[in-house]
Amino acid sequence: MKKLVAAWVATALAATAAAVAVLGLLGNGLTGADSHVLSQASVRAALATATATASARATATGRPEPTHTAQGRLIRSAGGNVIASCHGGLVTLRSWSPAQDYSVDEVEAGPAREAKVEFEPDEGKEVELKITCVSDVPTARIHH
């Protein structure tokens, strides 16, 4: 019974990670000012990639890990989520989406050696993500 519950939890977490990744790919999340329209084929491809990757990792490790999509890597923080990609040592923020009770304060989307997004809460300390490329993989330093 415990294995069944653990499998269900892993699947639910993988589905949630995939949904967050797809929402991020649709623009800057649901509240961002900047957005771009993806074709149905692009959305299907991104969803399939995010779902397969998240499911495989959750099943293998028992916990969700950062999701890699066709558009980049999903990076999560308490302040919000970012999808970033690397090319030629430069990082580009593809989209960003604040968590509930946060807003986007400042964005330096790149392409650059370092990209940055600041999520500002209604109350409390802001969360700043500084993202660089390490071995051509977007890697975040999170400051509270």
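Our structure is the block above this text.
About the thresholds
- Residues numbered from 1 in each chain as written.
- Predicted model: local features only at pLDDT ≥ 70, side-chain atom pairs only at ≥ 80, totals over all residues.
- Heavy atoms only, no water.
- Helix = DSSP H or I, 4+ residues; strand = E, 2+ residues; numbered from the N terminus.
- Contact = heavy atoms within 4.5 Å.
- Salt bridge = Lys/Arg side-chain N within 4 Å of Asp/Glu carboxyl O.
- Buried < 20%, exposed > 50% of the residue type's maximum accessible area, 1.4 Å probe, protein only.
- Pairing = 2+ DSSP bridges.
- Core = buried A, V, L, I, M, F, W, Y, C linked by side-chain atoms within 4.5 Å.
- Axes fitted to C-alpha atoms, helices over the stretch in contact; angles between N-to-C directions.
- Polar contact = N/O pair within 3.5 Å; in protein donor to acceptor, adjacent residues only side chain to side chain.

Undergrad: Is there a simple way to think about the environment of Leu 90 in this case?
TA: Among the secondary structure elements, Leu 90 is positioned in strand S4 (residues 90-98). Leu 90 sits 41 residues away from Ile 131 along the chain, and the two C-alpha atoms are 10.0 Å apart. Leave out the neighbours within four places in its chain, and Leu 90 touches Ser 85, Pro 111, Ala 112, Arg 113 and Cys 133.

Undergrad: Just checking my understanding: could you explain the pattern of salt bridges for this structure?
TA: Between side chains of opposite charge, pairing is possible as soon as their charged atoms come close. All chains considered together, the criterion is met by six salt bridges. The salt bridge involving Glu 114 is made with Arg 141; its shortest N-O contact spans 2.9 Å. Highlighted residues: Glu 114 in strand S6 (residues 114-121) and Arg 141 in strand S8 (residues 137-143), separated in sequence by 27 residues. Here the salt bridges do not stand alone but share partners, grouping Glu 106, Glu 108, Lys 116, Glu 118, Glu 128 and Lys 130 into one network.

Undergrad: Would you mind going over the pairing of strand S2 (residues 72-76) with me for this structure?
TA: On a regular strand, one side chain projects to one face of the sheet and the next to the other, so that they alternate. Within S2, four of the five residues are buried, which leaves it mostly tucked inside the rest of the structure. For S2 and strand S3 (residues 80-87), the ladder comprises four bridges, and the chain directions are antiparallel. Looking at the pairing, Arg 76 lines up with Asn 81 of S3. Between S2 and S3, which pair antiparallel in sequence order, lie three residues.

Undergrad: Any chance you could explain the nonpolar core here in plain terms?
TA: One recurring pattern in soluble globular proteins: nonpolar side chains tend to sit buried together. Of all hydrophobic cores here, the largest spans 14 residues; its most connected members are Val 82, Ala 84, Val 91, Leu 93, Val 117, Leu 129 and Ile 131. Of all the secondary-structure elements, those providing two or more residues to this core are S3, S4, S6 and strand S7 (127-134). Broken down by element, the residue count for this core peaks at four residues, all from S7.

Undergrad: Which parts of the structure should I look at to understand the sheet that holds S6?
TA: Strand-to-strand pairing in sheets goes through backbone hydrogen bonds, with the strands running parallel or antiparallel. Sheet architecture is open: four strands sit in the order S5-S6-S7-S8, paired in antiparallel fashion. A strand with exactly one partner marks an edge of an open sheet, and here the two such strands are strand S5 (102-108) and S8. Across the sheet, the mean angle separating the axes of adjacent strands is 25° when strand polarity is ignored. Pairing between S6 and S7: six bridges, direction antiparallel. Bridge assignment links Glu 114 to a residue of S7, and that residue is Thr 132.

Undergrad: Would you take a moment to explain the pairing of S7 for this structure?
TA: For S7, a buried count of six out of eight residues is recorded, marking the element as mostly surrounded by other parts of the structure. Connecting S6 to the antiparallel partner S7 that follows it, the hairpin turn spans five residues, and Gly 124 within it adopts a positive phi of roughly 105°. Taken together, S7 and the strand that follows it, S8, pair antiparallel across an intervening segment of two residues, in which Ser 135 is found at a positive phi of about 55°.

Undergrad: How do you make sense of the side chain of Ser 77 when you look at a structure like this?
TA: With respect to the element layout, Ser 77 can be found in the loop between S2 and S3. Residue Ser 77 is classed as buried on the basis of its relative accessible area, which comes to 15%. In terms of polar contacts, Ser 77 uses its side chain to reach the backbone carbonyl oxygen of Gly 80, at 2.8 Å. Dropping the residues within four chain positions of it, Ser 77 is found in contact with Phe 119, Val 127, Leu 129 and Ile 142.

Read these as geometric descriptors, not functional statements.
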